[in-house]
Amino acid sequence: GPEEFNPARFENKKDLKPYTFIGFGGGLHQCGGRKFAWNSLKASLTWILRNYDLELIGAGASSLPNEDYTTMVVAPTTAHVQVKYT
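Residues numbered from 1 in each chain as written. Predicted model: local features only at pLDDT ≥ 70, side-chain atom pairs only at ≥ 80, totals over all residues. Heavy atoms only, no water.

### Describing the overall build of the protein chain
To be explicit about the condition: Numbered from the N terminus, helices here are DSSP runs of H or I no shorter than four residues, and strands are runs of E no shorter than two. Only heavy atoms matter for contacts: two residues are in contact if any of them lie within 4.5 Å across the pair. Note on areas: these come from Shrake-Rupley sampling with a 1.4 Å probe, and a residue is covered only by the protein chains present in the view.
Secondary structure summary: the protein chain contains 1 helix and 2 strands in total. Element order for the protein chain, N to C, with α for helix and β for strand: α-β-β. Restricting to contacts in the protein chain with at least 6 residues of sequence separation, those with at least 24 account for 52%. Here the protein chain has roughly 7,800 Å² of accessible surface; of this, 58% comes from carbon and sulfur atoms.

### Observations regarding a nonpolar patch on the surface
This is how the line gets drawn: Like-charged residues are merged into a patch within 9 Å and nonpolar side chains (Val, Leu, Ile, Met, Phe, Trp, Tyr) within 5 Å, provided each residue has over 30% relative accessible area and no salt bridge. Salt bridges are defined as contacts in which a side-chain nitrogen from Lys or Arg sits within 4 Å of a carboxyl oxygen from Asp or Glu. The buried label goes to any residue with under 20% of its type's maximum accessible area, the exposed label to any with over 50%, and the partly exposed label to all in between, with areas taken from a 1.4 Å probe on protein chains only.
On the surface, a cluster of nonpolar side chains totalling about 880 Å² of accessible area is made up of L45, W47, I48, L49, Y52, L54, L56, V83 and Y85. At the level of secondary structure, the elements contributing two or more residues to the nonpolar patch comprise α1 (34-51), β1 (54-57) and β2 (82-85). Per element, the largest residue contribution to the nonpolar patch is 4 residues, and it comes from α1. Of note, L45 is situated in helix α1. A relative accessible area of 47% means that L45 is categorised as partly exposed.

### Some remarks on the environment of F10
One can find F10 in the segment before α1. In this structure the C-alpha to C-alpha distance between F10 and T71, which are 61 residues apart in sequence, comes to 8.9 Å.

### Comments concerning the packing of aromatic side chains
Heads up, the rule is: Paired rings are identified among Phe, Tyr and Trp, the last through its six-membered ring, by centres lying within 6.5 Å, and are further divided according to the angle between planes into stacked (under 30 degrees), edge-to-face (over 60) and tilted (the rest).
By the definition in use, this model includes 2 aromatic pairs. Note on W47 and Y52: the rings are 5.9 Å apart at their centroids and 70° apart in plane angle, and the pair reads as edge-to-face. Considering the side-chain rings of Y52 and Y85, the 5.5 Å spacing of their centres and the 90° angle between planes classify their relative orientation as edge-to-face. Residue Y52 is located in the loop between α1 and β1, and its partner Y85 is located in strand β2; the two are separated by 33 residues in the primary sequence. Overall, Y85 belongs to the exposed group, its relative accessible area being 55%.

### Focus: the environment of I48
Turning to its location among the elements, I48 is positioned in helix α1. A relative accessible area of 34% places I48 in the partly exposed class. In this structure, the C-alpha to C-alpha distance between I48 and Y85, residues 37 residues apart in sequence, is 9.5 Å.

Put into C-alpha cells, the structure is as follows:
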C-alpha cells in the first residue's frame, strides 16, 4: 500500500499502467520547479543547437529508435544512436 516503502515497485514493468511514473507529477501536486526545469532544458538545448552542427551517425542513423514511456526519462529501448557534433 501507499504507507509501505517499496523501492522495487517499479521493477516489474509488465504490472505498471502506462505513465505510472512521471517525474514531475501531475494535477494539483505537480513539482513546483517544473517550469524552471523546462526553461533550463530549453535554454541548454537552444545553446547546443545554435553553436554546434549535429549529425546522426552509426547503426541508428537511418531510423528512429523505439521509446519507453514508462520510465522517468524517455530513452531508446534497444537502438544505438551516436551523434557527431562539430
